[in-house]
Amino acid sequence: MTFDAADTKPFALTTPLYYVNDLPHIGSAYTTMAADAVARFYRLTGRPVLLITGTDEHGQKILRTAQDRGVHPQEHCDQIAAGFERLWQHLNITCDRFSRTTHPHHQVIVNQFFQRVWQQGDIYLGQQQGWYCVSCEEFKEERDLLADHRCPIHTNKSVEWRDEQNYFFRLSRYQGQLEQLYAERPQFIQPEARRNEVLSFVARGLQDFSISRVNLEWGFAVPTDPHHTLYVWFDALLGYVTALLEPGESPSLEAALARWWPINLHLIGKDILRFHAVYWPAMLMSAGLPVPGQVFGHGFLTKDGHKMGKSLGNTLDPVKLVEKYGADAVRYYFLKEIEFGKDGDFNETRFITVLNADLANDLGNLLNRTLTMAQRYCGGKVPAIDGASIGPDHKLKCLGQTLAIAVAEFYSNLQFSQACEAILGLAQASNKFLDGEAPWSLYKQGKQQETERVLYAVLESVRLAAYLLSPVIPQTSALIYRQLGFDCDLSQKTIGQTLPYRDHAAWGGLPPGQGLAEAQPVFQRIELPVVSL
Ligand code: MSP
């Protein structure tokens, strides 16, 4: 997608609605951090943004977990959902809606949607036979199973045989329309590798899928037949729509769709691509509704090169990680170190090395020493240099001027890693520039004007880097801004309170004469070795 600075249209995006069978894991934190970076970026550009996350609370998996714990399923859901909300606070996620599928409003939306699909003649009663993975909440093809009928995703769980009457959704009817959608809108599924996966799945021929279960009370009843409970995925995908209701608004499909529909972006992991890129658009087509802008399937995380899992005893607890290193460190590592869309790895030594190199040294230390010099040589004020008076061939200005557009493109294409690299490039160039120009010796030689020009250029470059990195490391960026003498909050969520991209992403905006704060480390170096997580 190309970035259009003049675009002021609303932008709505979602994370998946996470299952509440367990406390949040690093996979859910990963998608949510990425979504938050996108949301923060678009807010800076002045677009009204709605960031939706939430929890998926129905179905057999949740019911069984609650039963195993000996608590009522609703109580169980309430406890786990609260854990998700807490983690999002720790991680500084600026979520606008937290959608819970057990909320009574949601049932109204689901029923109205079901009616539309029913009236379309796309729901019928049939016999479902097959292998069901409760952990995936999905029927599996026999050929995809591992030995002993184990699920290929939940390798320690066996699938269960089902032979029951279910209601089916006529997915097969939408084969042609879906193929047309993928052809006309190549951006609908991204990245390319995921798109190809979907295209070949669809090309094999779509089969209708069952959307109800019998003998399961934990879910909404099928509106036309209370002996059946709606399939958890049919209900969950509609959680995105329910989330669009304004707080306190009385629920109806029409009201929910009024302002933010179609949602611009669904961010998901690659394992749930089919639901979002095939089933979901077909359901929407059946209900006569426009389909979302894009479905982006990111990769899977491993730890020290191994698949993570409770049974493997190597899970990575996002709460512990944030408690130990802070939100910005965690956000930065996952967004900078892993190319979004590809699989990636967490390794604690690598984590520490990256943070020390990029945030403590290249950025933090640069600010620290430049501020200290500005205190000494320029009376604690931004040097009295007008950014506009610096020529276009100035090394840092030259780099800084092209950064805004490049970084905006990267963020709009979800290339967080490339965005961070490009911004870090400016900090690295500034360090080199500072060493080469040696303002401390210029000052000693009595060259005040030259000293000030050097310090201005570096302070301004740090400011720009901090601004552009703020979607990823909002707290550190805010600290840098404060030390540079700005009295504002970079992480404000409300439109009008953000610092507009068109002004702050341009090189040269640091106001001459602005009072600077005391130099304080914005990012503490992390010492090795540590007790491993
Ligand atoms: N409830 C469904 C989503 C319904 S959306 C209407 C669900 N929930 S989930 O909690 O199981 O998974 C949520 C997300 O976590 C998925 O996008 C999945 O890809 C992601 N991850 C789970 N493990 C992961 C990794 N190890 N690495 C990265 N993401 C992973 O599916």
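From a predicted model like this one, the values you see are computed outputs, not experimental measurements.

Draft legend 1. Inspection of the packing of helix α12 (residues 327–337) against helix α13 (residues 348–378) at higher detail. The geometry of α12 relative to α13 is characterised by a closest axis approach of 10 Å and an angle of 95° between their N-to-C directions. Put simply, α12 runs roughly perpendicular to α13. When α12 is examined against α13, the residues Ala329, Val330, Tyr332, Tyr333, Lys336 and Glu337 are found in contact with a partner set consisting of Arg350, Phe351, Val354, Leu355, Asp358 and Leu359. When grouped by side-chain class, the residues that make up the contact of α12 with α13 number eight nonpolar, no polar and four charged.

Draft legend 2. The arrangement of the site of the ligand in detail. Around the ligand, a shell composed of 20 residues is seen, among which Leu17, Asp56, Gly269, Asp271 and Leu301 lie nearest. For the ligand, an oxygen atom lies 2.8 Å from a polar atom in the backbone of Gly269. Asp271 places a polar side-chain atom, nitrogen or oxygen, 2.4 Å from an oxygen atom of the ligand. Counting only elements with at least two residues in the shell around the ligand, the list comes to β1 (11–19), α7 (232–237) and β12 (265–269). Looking at the shell around the ligand element by element, the count peaks at four residues for β1. Its residues assigned to classes, the shell around the ligand shows 12 nonpolar, six polar and two charged.

Draft legend 3. Representation of the pairing of strand β6 (residues 160–169) within the structure. As defined by bridge partners, strand β4 (residues 123–133) adjoins β6 across 10 bridges and the pair is classed as antiparallel. Each bridged residue has a counterpart across the sheet, and for Gln129 the counterpart in β6 is Asp163. As judged from the two bridges shared by β6 and strand β8 (residues 209–210), these two strands associate in the antiparallel manner. Note that in β8 the partner of Phe168 across the bridge is Ser210.

Draft legend 4. Looking closely at helix α5 (residues 175–184). Looking only at α5, the buried set comprises Gln175, Leu178, Leu181 and Tyr182. Each buried residue of α5 sits inside an arc of 125° when the element is viewed along its axis, so together they form one side. Residues of α5 that are exposed and angled more than 90 degrees away from the buried face: Ala183 and Glu184. Turning to α5, the residues buried within the fold contact β7 (189–190), α6 (192–203) and α10 (273–286).

Cut-offs applied
Residues numbered from 1 in each chain as written. Predicted model: local features only at pLDDT ≥ 70, side-chain atom pairs only at ≥ 80, totals over all residues. Heavy atoms only, no water. Axes fitted to C-alpha atoms, helices over the stretch in contact; angles between N-to-C directions. Helix = DSSP H or I, 4+ residues; strand = E, 2+ residues; numbered from the N terminus. Parallel < 35°, antiparallel > 145°, perpendicular 65-115°, else oblique. Contact = heavy atoms within 4.5 Å. Nonpolar A, V, L, I, M, F, W, Y, C, P; charged D, E, K, R; others polar. Near = heavy atom within 4 Å. Polar contact = N/O pair within 3.5 Å; in protein donor to acceptor, adjacent residues only side chain to side chain. Pairing = 2+ DSSP bridges. Buried < 20%, exposed > 50% of the residue type's maximum accessible area, 1.4 Å probe, protein only. Arc of directions from axis to C-beta.

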